[in-house]
Each structure stands twice: as C-alpha cells, then as structure tokens.
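Chain by chain, the residues:
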Amino acid sequence: MPGRPKYPRRVEYKPKINYFKPRGVPLSELEVVSLAVEEVEALRLVDLEEMQQEEAAQKMGISRRAFWEDIQNVRKKIAFALTNGKAIEIKGGTHTNINDDE
C-alpha cells in the first residue's frame, strides 16, 4: 500500500550548483546520492539561517513533524555521501517557489 503523497514544500532558494563529488574521481564512476530541492532548503533554513524548526516549518508551509522528517533525512543522506565517497546531486522533489505564492 503506497503512502500518502508528499505535500509540496515552499522553497525560497534553489541552488545554482546541483552536483558535488569527491575530487579526482570521474562522476561516471561514482554512486550518486540525490537530495531534493526542499531537503536542501530545510537544511539551509536551520543550519545557515539559524531558524528554529517550528519557524522553518511554517516558512515551508508544512507541519513540524514533516519538517523534522525532512531535516533528519537530508542530514543522513549527506553524512552517508561524505563518509562513503559518493557524489551528491540536488534535483527534483515536491516543492513550489515561495516567491510565486506572494
């Protein structure tokens, strides 16, 4: 039985760079860990903008629980990629541009 569809997250910032990889290894030889645009936005809000999770969840238009799950998921993916020499790609996801809403 499939889960509920993900509610679109409101995103203000979309990264201009969408790939990161270990130096000296061709991308074609690496496994890739994918991060959704909204996962990177969640990380940006709490770790760079230093927002409380409740405030960040409100800004993204989702519940605190959904935000908590997103932030835990993206941190785990990044830690896995960094400790195992994987490439990181940022693409896709379920989001809307916050500037389109205003």
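Residue positions are given per chain, counting from 1 as you read along its sequence in written order. Local features are withheld for residues below a pLDDT of 70 in this predicted model, meaning they are given only at 70 or higher, and side-chain atom pairs are given and counted only at 80 or more; totals for whole chains, interfaces and linings count all residues. Neither water nor hydrogens contribute to the side-chain values; these are computed over all heavy atoms in the structure.

Engineer: Tell me about the packing of helix 1 (residues 37-48) against helix 3 (residues 64-84), and please be specific about residues and values.
Structural biologist: Any two packed helices are characterised by the angle at which their axes cross and by the distance between the axes. Running from N to C, helix 1 and helix 3 point in directions that differ by 100 degrees, and their axes come no closer than 9 Å. As judged from the angle between their axes, helix 1 and helix 3 are roughly perpendicular. Listed contacts from helix 3 to E39, V40, A42, L43, V46 and D47 of helix 1 are F67, D70, I71, N73, V74, R75, K77 and I78. Here the nonpolar group is Ala, Val, Leu, Ile, Met, Phe, Trp, Tyr, Cys and Pro; Asp, Glu, Lys and Arg are the charged ones; every other residue, Gly included, is treated as polar. Of the residues that constitute the contact of helix 1 with helix 3, the class distribution is eight nonpolar, one polar and five charged. Axis lines are fitted through C-alpha atoms, for helices just across the contact stretch, and the angle between N-to-C directions can take any value from 0 to 180 degrees. Numbered from the N terminus, helices here are DSSP runs of H or I no shorter than four residues, and strands are runs of E no shorter than two. Angle categories: roughly parallel below 35 degrees, roughly antiparallel above 145, roughly perpendicular from 65 to 115, and oblique for all the rest. Whether two residues are in contact is decided by their heavy atoms: any pair within 4.5 Å suffices.

Engineer: Tell me what's going on with the nonpolar core, and back it up with residues and numbers.
Structural biologist: Note on soluble globular proteins: their nonpolar side chains tend to be buried together. What is meant by a nonpolar core is a set of buried Ala, Val, Leu, Ile, Met, Phe, Trp, Tyr and Cys residues, joined one to another through side-chain atoms within 4.5 Å. Each residue is assigned to one of three classes by its accessible area relative to the maximum for its type, calculated with a 1.4 Å probe on protein chains only: buried under 20%, partly exposed between the two thresholds, exposed over 50%. Core analysis: the largest hydrophobic core is formed by 21 residues, its most contacted members being L35, A56, M60, I62, F67 and I71. For this core, the elements supplying multiple residues, two or more each, are strand 3 (32-35), helix 1, helix 2 (53-60), helix 3 and strand 4 (87-90). If you tally residues by element for this core, the top one is helix 1, at six residues. Other than its neighbours up to four places away in sequence, F67 contacts A42, V46, Q53, A56, A57, M60 and I62.

Engineer: I'd like a description of the environment of P22, backed by residues and values.
Structural biologist: Mapped onto the secondary structure, P22 falls in the loop between strand 2 (19-20) and strand 3. It is 9.9 Å that separates the C-alpha atoms of P22 and N84, two residues lying 62 residues apart in sequence. In this view, P22 contacts L30, G85, K86 and A87; residues no more than four positions away in its chain are not counted.

Engineer: Residues and numbers for the packing of helix 1 against helix 2, please.
Structural biologist: Viewed as axis vectors pointing N to C, helix 1 and helix 2 meet at an angle of 140 degrees, and their least axial separation amounts to 9 Å. Here helix 1 lies oblique to helix 2, going by the angle between them. Handedness of the crossing formed by helix 1 with helix 2: right-handed. On helix 2, the residues that touch E38, E41, A42, L45 and V46 of helix 1 are Q53, A56, K59 and M60. Rotating anticlockwise by less than a right angle from the far helix to the near helix defines a left-handed crossing, while the corresponding clockwise rotation defines a right-handed one.

Engineer: So, the side chain of E39: which residues are in play, and what are the values?
Structural biologist: Relative to the helices and strands, E39 resides in helix 1. Among all residues touching E39, those that are not within four sequence positions of it are S34, D70, N73, V74 and K77.

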